[in-house]
Amino acid sequence: MDLLIAAMLTIITAATPLLYAALGELVAEKSGVLNLGVEGMILLGAVCGFAAVTFTGNAAAGIAAGALGGAALSSVFALLALGLQASQVATGLALTIFGTGLSALLGQDLVGAAYDGLPKLAVPLLSEIPLAGALLFHHDILVYGSLALPAAVAWFLTRTRAGLVLRAVGDSHEVAHAMGYPVIRIRCLATLFGGACAGLAGAYLSLAYSPLWIENMSAGRGWIALALVVFATWRPWRALAGAYLFGGITIAQLHAQALGVAIPSQIMSMLPYLATIAVLVLISRDKSKIKRNAPACIGRAFHPSS
């Protein structure tokens, strides 16, 4: 039983950064923005969060700095891709390269620094429930936030006027503009939200998942998060399920290596990415379903004069 609880807890920790990054990108894509710079934003959020905790000793400052770091990098994307009409695909790829290099530069003096990790917050009474208490009610604040975020995003997109407007911008920016909605402003806000969520994913990596800073510690999670959005067909609750599925695959390959499974470690390390490719191939077979759910204007540039 203890081994089962330990395995489930590690799956939760592995899924949390994926969930933050995927939900942030989901909102951005719902507005019609395709930002492929998630990996770079995660890394900048990780180094900013760890630096803030190192210099202040305050966990809240580290979380806030991580979100701000990701949002700051996404603002560069917004300026280039939305303000100056640069290619969203090329800008996003450049953002990943830039974020990777910038995070390495900012974090070169932080390598080797130690941090105890985010404090665990036990929910009174509920944390004492056998099995469920340890699994659900004894985590740090970012895990609780990741579990609440899908509900918040789903409510925003389906139950609020602002969410309806954001979806309208993603489905037809010409019609939304004709109705008087500020398309560029809405997309900029969605992009900043996506960057902040990616920054929180990075902050979780450096403050809780493995409380330290090393270069490229995101290890491709930004690309998996991008695939998760398609896997979820742009639905928040499916993104939650997908994040835990891929988190489980990541942990399974680690446990298999620990048990001495007679498979080369390099192949085991490839499993999460092979699973990502396999899922995308299976989903792409049903093109009509993707077309029904994908924002019609995703990746398309918009100019108010058009």
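Reading guide: rules and limits
- Here, residues in each chain are numbered from 1, in the same order as that chain's written sequence.
- Residues qualify for local features only when their pLDDT is at least 70, as the model is predicted, and side-chain atom pairs are given and counted only at 80 or more; totals for whole chains, interfaces and linings, by contrast, use all residues.
- Excluding hydrogens and water, the side-chain values take into account all heavy atoms of the structure.
- What counts as a helix is a DSSP run of H or I of at least four residues, what counts as a strand is a run of E of at least two, and both are numbered from the N terminus.
- Only protein chains enter the calculation, and the probe is 1.4 Å; a residue is then buried if its accessible area is under 20% of its type maximum, exposed if over 50%, and partly exposed in between.
- Under the convention used here, a 1.4 Å probe and the Shrake-Rupley method define accessible areas, while residue burial counts only the protein chains that appear.
- In this count, Lys and Arg are taken as positive residues and Asp and Glu as negative ones, while His and the chain termini are left out.
- To locate a charge, take atom NZ for lysine, CZ for arginine, CG for aspartate or CD for glutamate.
- One fewer than the residue count of a helix, multiplied by 1.5 Å, yields its expected span.
- Every residue pair with non-hydrogen atoms within 4.5 Å of one another is taken to be in contact.
- The arc refers to the directions leading from the helix axis to the C-beta atoms.
- Pairs of N or O atoms are called polar contacts if they sit within 3.5 Å, as long as, within protein, a hydrogen donor faces a hydrogen acceptor (for residues adjacent in sequence, only side-chain-to-side-chain pairs).
- Any pair of Phe, Tyr and Trp rings, taking the six-membered ring for Trp, is counted once the centres come within 6.5 Å. Such a pair is stacked with planes under 30 degrees apart, edge-to-face with planes over 60 apart, and tilted for the rest.
- For a ring to carry a charge above it, either NZ of a lysine or CZ of an arginine must fall within 6 Å of the ring centroid while also lying within 35 degrees of the normal to the ring plane.
- For patch detection, residues must exceed 30% relative accessible area and be free of salt bridges, and they are connected within 9 Å for like charges or within 5 Å for nonpolar side chains (Val, Leu, Ile, Met, Phe, Trp, Tyr).
- A carboxyl oxygen of Asp or Glu within 4 Å of a side-chain nitrogen of Lys or Arg is what we treat as a salt bridge.
- Between N-to-C directions, angles cover 0 to 180 degrees, with each direction set by a line fitted to C-alpha atoms, over the stretch in contact for helices.
- Each angle receives one of four descriptions, namely roughly parallel if under 35 degrees, roughly antiparallel if over 145, roughly perpendicular if within 65 to 115, and oblique otherwise.
- Handedness of a helix crossing follows the sense of rotation of the near helix relative to the far helix, less than a right angle counterclockwise being left-handed and clockwise being right-handed.
- Only Asp, Glu, Lys and Arg are considered charged, only Ala, Val, Leu, Ile, Met, Phe, Trp, Tyr, Cys and Pro nonpolar, and every remaining residue, Gly among them, polar.
- As used in this record, nonpolar core signifies buried Ala, Val, Leu, Ile, Met, Phe, Trp, Tyr and Cys residues forming a set joined through side-chain atoms within 4.5 Å.

K.L.:
What is the right way to look at the overall build of the protein in this model?
P.N.:
Scanning the protein from terminus to terminus reveals 13 helices and two strands. Projected onto the principal axes, the alpha-carbon positions of the protein cover approximately 60 × 45 × 45 Å. Out of the 306 residues in the protein, the part that is buried amounts to 49%. Carbon and sulfur atoms provide 70% of the accessible area of the protein, an area that totals close to 14,000 Å². In the protein, which carries 16 positive and 12 negative side-chain charges, the distance between the mean positions of the two groups comes to 17 Å.

K.L.:
Would you mind showing me how to read helix α2 (residues 38-56) here?
P.N.:
Quick reminder: α-helices carry 3.6 residues per turn. Residues three or four places apart thus point the same way. Spanning 19 residues, α2 covers 27 Å between terminal C-alpha atoms, matching the ideal 27 Å at 1.5 Å per step. Among the 19 residues that make up α2, 15 are buried, leaving the element largely enclosed by the rest of the structure.

K.L.:
What is the right way to read the side chain of His-173 from this model?
P.N.:
Take His-173: it is sitting in helix α8 (residues 173-178). Residue class for His-173 comes out buried when judged on its relative accessible area of 1%. Leaving out residues up to four positions away in the same chain, His-173 has contacts with Ala-168, Val-183, Arg-187, Cys-297, Arg-300, Ala-301 and Phe-302.

K.L.:
Would you mind showing me how to read helix α7 (residues 161-171) here?
P.N.:
Listed in full, the buried residues belonging to α7 are Gly-163, Val-165, Leu-166, Val-169 and Gly-170. The buried residues of α7 occupy one face: seen down the axis, they fall within an arc of 160 degrees. Residues of α7 that are exposed and point more than 90 degrees away from the buried face comprise Arg-161 and Leu-164. Where α7 begins, the capping side chain belongs to Thr-160, and its oxygen is found 3.0 Å from the backbone nitrogen of Gly-163.

K.L.:
Help me out: how do you make sense of the packing of aromatic side chains in this one?
P.N.:
The geometry of an aromatic ring pair is captured by the separation of the ring centres together with the interplanar angle, meaning the angle of the planes. In total, this model carries one aromatic pair according to the counting rule given. Against the face of Phe-231 rests Arg-238, its NZ or CZ located 5.9 Å from the ring centre.

K.L.:
Which parts of the structure should I look at to understand a nonpolar patch on the surface?
P.N.:
A contiguous nonpolar patch, built from Ile-267, Met-270, Leu-271, Leu-274, Ile-277 and Val-281 and spanning about 500 Å² of accessible area, is present on the exposed surface. Tracing the backbone shows Ile-267 in helix α12 (residues 265-284). By relative accessible area, Ile-267 is classed as partly exposed at 41%.

K.L.:
How should I be thinking about the pattern of salt bridges in this particular structure?
P.N.:
Pairs can form between side chains of opposite charge whenever their charged atoms are close. For the coordinates displayed, the defined rule picks out two salt bridges. Of the charged contacts in the structure, one is a salt bridge between Asp-140 and Lys-120, with a shortest N-O distance of 3.9 Å. Of this pair, Asp-140 sits in the loop between β2 (138-139) and α6 (141-159) while Lys-120 sits in the loop between α4 (88-106) and β1 (121-122), placing them 20 residues apart in sequence. Take Asp-140: its relative accessible area is 1%, and that puts it in the buried class. On the basis of relative accessibility, which here comes to 48%, the residue Lys-120 falls in the partly exposed class. In this structure, Glu-174 and Arg-300 form a salt bridge, with 2.9 Å as the shortest nitrogen-oxygen distance.

K.L.:
What is the right way to look at the packing of α6 against helix α9 (residues 183-209) in this model?
P.N.:
The axes of two packed helices give the description: the angle between them and the distance between them. In the contact formed by α6 and α9, the axes pass within 11 Å of each other and the chain directions differ by 155 degrees. With respect to α9, the element α6 is oriented roughly antiparallel. As α6 runs across α9, the sense of the crossing is left-handed. Note on element contacts: α9 touches α6 through Phe-193, Cys-197, Leu-200, Ala-203 and Tyr-204, opposite Leu-142, Val-143, Leu-149 and Val-153. A class-by-class count of the residues in the contact of α6 with α9 yields nine nonpolar, no polar and no charged.

K.L.:
Would you take a moment to explain the packing of α2 against α9 for this structure?
P.N.:
Between α2 and α9, the least distance of the axes is 6 Å, while the angle of their chain directions is 55 degrees. By the angle between their directions, the pair α2 and α9 is classed as oblique. In this structure, α2 crosses over α9, and the sense of that crossing is right-handed. Counting all contacts with α2, which are made through Val-38, Met-41, Ile-42, Gly-45, Ala-46, Gly-49, Phe-50 and Val-53, the residues of α9 involved are Gly-195, Ala-198, Gly-199, Ala-201, Gly-202, Ala-203, Leu-205, Ser-206 and Leu-207. Taken together, the residues of the contact of α2 with α9 sort by class into eleven nonpolar, six polar and no charged.

K.L.:
So what exactly am I meant to see when it comes to the side chain of Thr-91 here?
P.N.:
For Thr-91, the position within the fold is in helix α4. Residue classification places Thr-91 among the buried residues on the basis of a relative accessible area of 9%. Excluding residues that lie within four positions of it along the chain, Thr-91 makes contacts with Phe-77, Leu-80, Ala-81 and Ala-86.

K.L.:
Just to check I follow, could you spell out the nonpolar core for this structure?
P.N.:
For soluble globular proteins, the rule of thumb is that nonpolar side chains tend to be buried together. Among the nonpolar cores identified, the biggest contains 75 residues, and Leu-207 and Trp-213 are the most heavily contacted of them. Tallying contributions element by element places α9 first for this core, with twelve residues.

K.L.:
Before we go on, may I ask you to explain unusual backbone geometry in this structure?
P.N.:
Across the chain, the bulk of peptide bonds are trans and the bulk of non-glycine residues have phi less than zero. Positive phi outside glycine occurs at Asn-216, with the angle close to 55 degrees. Looking at the secondary structure, you find Asn-216 in the loop between α9 and α10 (221-231).

Nothing here speaks to function; it is all geometry.
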